[in-house]
Amino acid sequence: EEKNAPAAASKALKSKANLDPCNDTSGLTDAEIITRKTFKYQEVSNDSTKHCDICNFWQASTTSSPCGTCTLVKGPIQPKGSCMSWVAVPPKTTG
């Protein structure tokens, strides 16, 4: 059974990624996955005023993907996710 544990874990991750492409971290390095954990990235923000899609580090997708990216946390990012480094987008200045 122990020999099948890594395969089962890999299958579970792929299944989760298929359900939600923003959870697909299969292309990330170990260091990038550690960064996601260090920054405490979560798929759904606990604070409705601090979502990734209204963060200064957010980059919207340029494709039809529902996921964006982040300049700090690598990999696909949920628009309604959040992390400990959330920063409001600065207000636009006029003039």
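Residues numbered from 1 in each chain as written. Predicted model: local features only at pLDDT ≥ 70, side-chain atom pairs only at ≥ 80, totals over all residues. Heavy atoms only, no water.

1. Side note on the overall build of the protein
Alright, step 1. From N to C terminus, the protein includes 2 helices and 2 strands.
Alright, step 2. When the helices and strands of the protein are read in sequence order from the N terminus, they spell out α-α-β-β.
Alright, step 3. For the protein, with 95 residues in total, the buried portion stands at 26%.
Alright, step 4. Expressed as a percentage of contacts within the protein between residues at least 6 apart in sequence, the contacts between residues at least 24 apart total 66%.
Alright, step 5. Total accessible area computed for the protein in this model is approximately 6900 Å², and 57% of it derives from carbon and sulfur atoms. (Helix = DSSP H or I, 4+ residues; strand = E, 2+ residues; numbered from the N terminus. Buried < 20%, exposed > 50% of the residue type's maximum accessible area, 1.4 Å probe, protein only. Contact = heavy atoms within 4.5 Å. Areas by Shrake-Rupley, 256 points an atom, 1.4 Å probe, with all protein chains shown as cover.)

2. Thoughts on the confidence of the model for the protein
Alright, step 1. On average, the protein scores 85 in pLDDT, and the residues at 70 or more come to 80%.
Alright, step 2. Mean pLDDT values for the elements of the protein range from 53 in helix H1 (residues 5–19) up to 97 in strand S1 (residues 58–59). (pLDDT = per-residue confidence, 0-100.)

3. Let's talk about empty space enclosed by the protein
Alright, step 1. In this structure the tally under the stated criterion is 1 cavity of 30 Å³ or more.
Alright, step 2. In this model, the largest cavity occupies a volume close to 100 Å³.
Alright, step 3. The wall of the largest cavity is formed by 14 residues, among which Cys-52, Cys-55, Phe-57, Cys-70 and Cys-83 lie closest to the centre.
Alright, step 4. Classifying every residue of the lining of the largest cavity by side-chain character gives 11 nonpolar, 3 polar and no charged. (1 Å grid on protein atoms, 1.4 Å probe; cavity = no way out; pocket = protein on both sides within 12 Å on 5 of 7 lines; lining within 4 Å. Points joined across faces, edges and corners; volume = space filled by probe spheres on them. Nonpolar A, V, L, I, M, F, W, Y, C, P; charged D, E, K, R; others polar.)

4. Quick look at the side chain of Ser-85
Alright, step 1. Structurally, Ser-85 can be placed in the segment after strand S2 (69–70).
Alright, step 2. Residues in contact with Ser-85, not counting those within four places in the same chain, are Phe-39, Phe-57 and Leu-72.

5. A word on the state of the cysteines
Alright, step 1. Scanning the model with the defined rule gives 1 disulfide in all.
Alright, step 2. With a sulfur-sulfur separation of 2.2 Å, Cys-22 is cross-linked through a disulfide to Cys-67. As the torsion about the S-S bond is roughly -110°, the Cys-22-Cys-67 disulfide counts as left-handed. Taken as a pair, Cys-22 in the loop between H1 and helix H2 (30–38) and Cys-67 in the loop between S1 and S2 lie far apart in primary sequence, 45 residues in all. (Disulfide = S-S within 2.5 Å.)

6. Quick notes on the side chain of Arg-36
Alright, step 1. Along the chain, the position of Arg-36 falls in helix H2.
Alright, step 2. The buried charged residue Arg-36 lacks any salt bridge, with Glu-43 as its nearest oppositely charged partner at 6.3 Å.
Alright, step 3. One polar contact links the side chain of Arg-36 to the main-chain carbonyl oxygen of Pro-76, over a distance of 3.3 Å. (Lys, Arg positive; Asp, Glu negative; His and termini not counted. Salt bridge = Lys/Arg side-chain N within 4 Å of Asp/Glu carboxyl O. Polar contact = N/O pair within 3.5 Å; in protein donor to acceptor, adjacent residues only side chain to side chain.)

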